[in-house]
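# A structural walkthrough
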Amino acid sequence: MTHIDAGAELDPVHPVPPPVSRATGLTAAEVAERVERGEVNDVPVRSSRSLGEIIRANVFTRFNAIIGVLWVIMLFVAPIQDSLFGFVIVANTAIGIIQEWRAKKTLDSLAVLGEAKPTVRRDGRATEVSTSEIVLGDLVELGPGDKIMVDGETVEADSLEVDESLLTGEADPVVKKPGDKMMSGSFVVAGGGAFTATKVGREAYAAQLAEEASRFTLVHSELRSGISTILKYVTWLMVPTSIGLVISQLVVKNDDFSESVAYTVGGIVPMIPEGLVLLTSVAFAIGVIRLGRKQCLVQELPAIEGLARVDTVCLDKTGTLTEGGMDVTELRPLNDADENHIREVLGALGESDPRPNASLQAILDAYAARADWRCTQSMPFSSARKYSGAAFSEGDGSTSVWLLGAPDVLLPEDDPVLTEVEELNEQGLRVLLLARASGGLDDSDVAAGAHATALVVLEQRLRPDAADTLRYFEEQDVRAKVISGDNAVSVGAVAAKLGLPGAENTVDARKLPAERDDMAEALDGHAVFGRVTPQQKRDMVGALQSRGHTVAMTGDGVNDVLALKDADIGVSMGSGSEATRAVAQIVLLNNSFATLPSVVAEGRRVIGNITRVATLFLVKTVYSVIIALLVVCAQVEYIFLPRHLTLLSTLTIGVPAFFLALAPNKERAKPHFVRRVMRYAIPGGVIAGIATFVTYLLAMHHYEGAGAREAETSAATLALFLIAMWVLAIIARPYTWWRLGLIGAMGLGFLLVLTVPWLQEFFQLKLVGTVMPWAAVAIAAVASLAVEVIYRWVDRRVPA
């Protein structure tokens, strides 16, 4: 069927002028010439940072620099045992680089699968190319949902409407005519057309947007920013404490220089929670890899964390709860209309749209178009309008204008046909009204006075996994809201079939209050909303957020873009429009709504486990600072050599934290990460530090003569190990067989060090006598009881 320029002033009841010839686009030779000149859109849309950036980010950190300097010093002044902490940092950094590199490869491969393929016209033929293959002067074809990848100038426009709100903030679509500028980063909401690329590569605004938005990053994450805040506080504590320790050990005591340096370094190194950042990065990277195996592309890494914090998920019915395809199940003529003529009209309407939506495609599949019908003007479907239309020159030479869309929009409220429509909607069926317009498509209110001709009944295919997914959200205390542009009763019937709580109380969004507070009240009280406009979807997300909800929005159509962009987490189907995939943080490449629980579970695993292990790391930081301050105030030699604290850190933090960080965890993420961690870390660290120092002072008074220093340190190390193990036991709850096994293995490791002669010599740990070791155990028991009591009191009295 031939189309003409929608910008032409046509009266559908008069003869039609000859069709306008379409531009053929560049020739293959012209494309090759432009590629040779470098006039190609070759800016890579990266889903991850480069290998060089990964190495720099993992190696050149503030604490790696501090530890690196201390390591070099220790290599010169002390035995290799006291330099073990440096080798641990090298291993940790290598693990971080390897895991992020694996995540990068996963992201890059998924990004290729999910990449948009714009259509360009070359040598008169439409061809799909990758975004990076568009050249300067290419003629790019557009349809509903297409994202405009490069800047250009409109050449063809068939009722072309473009949404530029992501760039300008202007919500209303802009009607484009030949000669109008196209802005990269905008997207088509209705109609079709073509434009010539005038800016490609880094000159196009979209390239900058895409590169920045798709970058592998941990910024804007509460978890990451919380850890940065903690590290900032740690640095402030470290500097004065370290200076005091240096002065105390080098000047006041005036001991052997090498030994003083070794003990000073032994006091500084444990203040640094060096493994915390590594474990956070590794946990996120492994999350990306796990989700990648399930065909889930995480375009912005904090989305894993964000979806775990979600308490409300807004679902678009079409494409999310139902599959994209539909089937025409019934045609009901109205007002004695001729059914054969209706079939011809429907076939012509199907042919009139070069890029039909799911409803029109079902009609196109069911009814064939006649060759002697000619479309003279078309009006594509718009989510805001809720109907489409076309003007025809029919086979017998007569002309007509037809509308196809929502019955409750095209008909007055008291029309008896709506009762029939309501009955069908209650069965979960989708109903469209075919109506003959009395005026032209250019009329400001073309639907006014339209004559109802037939009802087209469509059946939607429910996703087989939708019911289980909704049940999962209910079990996880995540409220589901179905927000659709379809008839409210029909949407409610579909939701009821899937077992959504509250599906029977549907709301017609046209009756929703405009005020945000009132809208939020209605949203809190209901679960299913129909006849929602794209702008209303956006307003609904904002209203829910105003009540403190963390909102995820799923969708696949162009009408979902604004809401996806404003939601805390936007989730798009892989088969969705280019625009939805571009603004979403998570793309389900397999188009399976059932993948969402995996994303939620992965986020909860990451956040819950990092909160656990952060407490372990920061208890060590706090007790290290406390011990250093007490040493400075008491003017005694520092308790530990670096090797002692390397052993303690490995057995009570490093190895357990690695396993705990990757363990399953279904607890919903809670806000205030820093407060939640520090409310445990500060009291636990203070108790451990004081108890250890008391043990050391008692040991100093108990032991005399040769070997006393080693015996004192061994007693203090035993006490600190037992307290740290109790903290680990608290953090590891609730217990499972492997967690109990992990705690037991760490205890066995320390026992081996205390009993195997060469390990005793290597770590300079040997318990002397029975009185002081048992005293250390008793002190540790009292301190562990105090930690237990404090932790339980904190849980009740200091909410996070």
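Cut-offs applied
Residues numbered from 1 in each chain as written. Predicted model: local features only at pLDDT ≥ 70, side-chain atom pairs only at ≥ 80, totals over all residues. Heavy atoms only, no water. Helix = DSSP H or I, 4+ residues; strand = E, 2+ residues; numbered from the N terminus. Buried < 20%, exposed > 50% of the residue type's maximum accessible area, 1.4 Å probe, protein only. Contact = heavy atoms within 4.5 Å. Areas by Shrake-Rupley, 256 points an atom, 1.4 Å probe, with all protein chains shown as cover. Lys, Arg positive; Asp, Glu negative; His and termini not counted. Charge placed at Lys NZ, Arg CZ, Asp CG, Glu CD. Core = buried A, V, L, I, M, F, W, Y, C linked by side-chain atoms within 4.5 Å. Phe/Tyr/Trp six-rings, centres within 6.5 Å; stacked < 30°, edge-to-face > 60°. Pairing = 2+ DSSP bridges. Axes fitted to C-alpha atoms, helices over the stretch in contact; angles between N-to-C directions. Parallel < 35°, antiparallel > 145°, perpendicular 65-115°, else oblique. Left-handed = near helix turned anticlockwise from the far one by under 90°. Nonpolar A, V, L, I, M, F, W, Y, C, P; charged D, E, K, R; others polar. Salt bridge = Lys/Arg side-chain N within 4 Å of Asp/Glu carboxyl O. Polar contact = N/O pair within 3.5 Å; in protein donor to acceptor, adjacent residues only side chain to side chain. pLDDT = per-residue confidence, 0-100.

The secondary structure content of the chain amounts to 27 helices and 21 strands. The principal-axis extent of the C-alpha atoms belonging to the chain is close to 120 × 60 × 40 Å. By the burial criterion, 56% of the 800 residues in the chain qualify as buried. Put simply, of all contacts in the chain between residues at least 6 apart along the chain, 74% involve residues at least 24 apart. With an accessible surface of roughly 32,600 Å², the chain has 57% of that area assigned to carbon and sulfur atoms. The centroid of the 71 positive side-chain charges in the chain is displaced by 9 Å from the centroid of its 94 negative side-chain charges.

With that settled, the discussion passes to the nonpolar core. The tendency in soluble globular proteins is for nonpolar side chains to be buried as a group. Ranked by size, the top nonpolar core spans 130 residues in total, and within it Leu-307, Leu-500, Ile-586, Phe-593 and Phe-750 carry the most contacts. Examining the composition of this core, we find that 16 residues originate from one element, helix α21 (residues 596–634), more than from any other. Among residues more than four places away in sequence, those in contact with Phe-750 are Leu-647, Leu-648, Leu-651, Thr-717, Leu-718, Phe-721 and Leu-765.

In this structure the tally under the stated criterion is eight aromatic pairs. Seen from their ring centres, Tyr-638 and Phe-640 are 6.3 Å apart, and the 75° between their planes marks the pair as edge-to-face. With respect to burial, Tyr-638 and Phe-640 carry one shared label: buried. Ring plane angle 90° and centroid distance 6.2 Å describe the contact between Phe-658 and Phe-659, whose orientation is recorded as edge-to-face.

In terms of burial, strand β12 (residues 387–393) is a largely internal element, seven of the seven residues being buried. Neither face of β12 is open: one carries Tyr-387, Gly-389, Ala-391 and Ser-393, the other Ser-388, Ala-390 and Phe-392, and all of them are buried. For strand β11 (residues 374–379) and β12, the ladder comprises five bridges, and the chain directions are antiparallel. Across the sheet, residue Cys-375 finds its bridge partner in β12, namely Phe-392.

Looking now at the environment of Gly-576. Looking at the secondary structure, you find Gly-576 in the loop between β20 (569–573) and α20 (578–583). Sequence separation between Gly-576 and Asp-365 is 211 residues; the distance between their C-alpha atoms is 21 Å. The residues touching Gly-576, leaving out its near neighbours within four places in the chain, are Asp-556 and Arg-581.

Bringing the packing of helix α23 (residues 673–702) against helix α24 (residues 708–731) into the picture now. Between α23 and α24, the shortest axis-to-axis distance is 9 Å and the interhelical angle comes to 155°. Between α23 and α24, the angle is such that the two are roughly antiparallel. When you trace α23 past α24, the crossing you get is right-handed. Residues Ala-688, Ala-691, Thr-692, Thr-695, Tyr-696, Ala-699 and Met-700 of α23 form the contact with α24, whose participating residues are Arg-709, Glu-712, Ala-715, Ala-716, Ala-719, Leu-720 and Ile-723. Of the residues contributing to the contact of α23 with α24, the split by class is 10 nonpolar, two polar and two charged.

With that settled, the discussion passes to the pairing of strand β7 (residues 187–199). Counting buried positions along β7 yields 10 of 13 residues, so the element is predominantly enclosed. In this structure, strand β3 (residues 139–142) lies alongside β7, joined through four bridges in antiparallel fashion. Of the residues in β7, the one forming a bridge with Val-140 is Phe-195. Inspection of the sheet shows strand β4 (residues 151–163) paired to β7 by 10 bridges, in the antiparallel sense. The partner of Ala-157 across the bridge, within β7, is Gly-193.

Relative to the elements of secondary structure, Asp-415 occurs in the loop between α13 (407–410) and α14 (417–425). Despite its burial, Asp-415 pairs with no opposite charge, the nearest such side chain being Arg-332 at 12 Å. There is a polar contact of 2.9 Å between the side chain of Asp-415 and the backbone nitrogen of Val-417.

The next subject is the side chain of Lys-620. Within the secondary structure, Lys-620 sits in helix α21. Beyond its immediate stretch of four places on either side in the chain, Lys-620 contacts Pro-270, Ile-272, Glu-274, Ser-649 and Ile-653.

The next point concerns the packing of α23 against helix α27 (residues 771–797). Between α23 and α27, the least distance of the axes is 10 Å, while the angle of their chain directions is 165°. With respect to each other, α23 and α27 are oriented roughly antiparallel. Both α23 and α27 take part in a crossing whose hand is right-handed. Seen from α23, the contacting residues are Arg-679, Tyr-680, Pro-683, Gly-684, Ile-687, Ala-691, Val-694, Thr-695, Leu-698, Ala-699 and His-702; seen from α27, they are Val-771, Met-772, Ala-776, Ile-779, Ala-783, Ala-786, Val-787, Ile-790, Tyr-791, Val-794 and Asp-795. Residue composition of the contact of α23 with α27, grouped by class: 17 nonpolar, three polar and two charged.

Another point: the pattern of salt bridges. A complete count under the given rule lists 28 salt bridges for this structure. When the shortest N-O distance is used, the salt bridge between Arg-479 and Asp-524 registers 3.0 Å. On the criterion of sequence distance, the pair formed by Arg-479 in strand β16 (residues 479–483) and Asp-524 in helix α17 (residues 516–525) is long-range, its members being 45 residues apart. One salt bridge in this structure joins Glu-521 and Arg-547, with 2.9 Å as the shortest N-O distance. Here the residue Glu-521 occupies a position in helix α17, and Arg-547 occupies one in the loop between α18 (534–546) and β19 (551–555), the gap between them amounting to 26 residues.

This part takes up the environment of Arg-538. Along the chain, Arg-538 turns up in helix α18. Distance in space between the C-alpha atoms of Arg-538 and Leu-142 is 24 Å, their sequence separation being 396 residues. Those residues in contact with Arg-538, other than ones at most four positions away along the chain, are Leu-562, Ala-563, Lys-565 and Asp-566.

Of note, the amide linkage connecting Arg-733 to Pro-734 takes the cis form, showing an omega dihedral of -5°. Checked against the element boundaries, Pro-734 lands in the loop between α24 and α25 (737–755). Phi is positive for Asp-336, which is not a glycine, with a value near 60°. Positive phi is not limited to glycine here, since Gln-764 has a value of about 55°. Within the secondary structure, Gln-764 sits in the loop between α26 (757–763) and α27.

Across the sheet, eight strands lie side by side as β8-β21-β20-β19-β9-β16-β18-β17; this open sheet has mixed pairing. Of all the strands in the sheet, the pair left with one neighbour each is β8 (296–298) and β17 (506–508). Adjacent strand axes in the sheet meet at a mean angle of 20°, parallel and antiparallel pairs treated alike. One ladder, built from two bridges, connects β16 with strand β18 (residues 528–530); its direction is parallel. Bridging from a neighbouring strand, Val-482 pairs with Val-528 of β18. Relative to β20, helix α10 (residues 302–309) is tilted by about 105°, and along the sheet it contacts β8, β19, β20 and β21 (586–588).

Moving on to the confidence of the model for the chain. Per-chain confidence: the chain averages 82 in pLDDT, with 90% of residues scoring 70 or above. The least confident element of the chain, judged by mean pLDDT, is helix α6 (residues 205–213) at 50; the most confident is α25 at 94. Note on residues 1–21: pLDDT is under 50 here. Beyond four places in sequence and across chains, it has 39 contacts. Here residues 209–219 is modelled with pLDDT under 50, and outside its nearest four sequence neighbours on either side it reaches 32 contacts, counting other chains as well.

Next up on the list: the environment of Leu-662. For Leu-662, the location among the structural elements is in the loop between α22 (642–661) and α23. Spatially, the C-alpha atoms of Leu-662 and Arg-374 are 63 Å apart, while their sequence positions differ by 288 residues. When near neighbours in sequence (up to four residues on either side) are disregarded, Leu-662 contacts Ala-283, Ile-286, Arg-290, Arg-605 and Asn-609.

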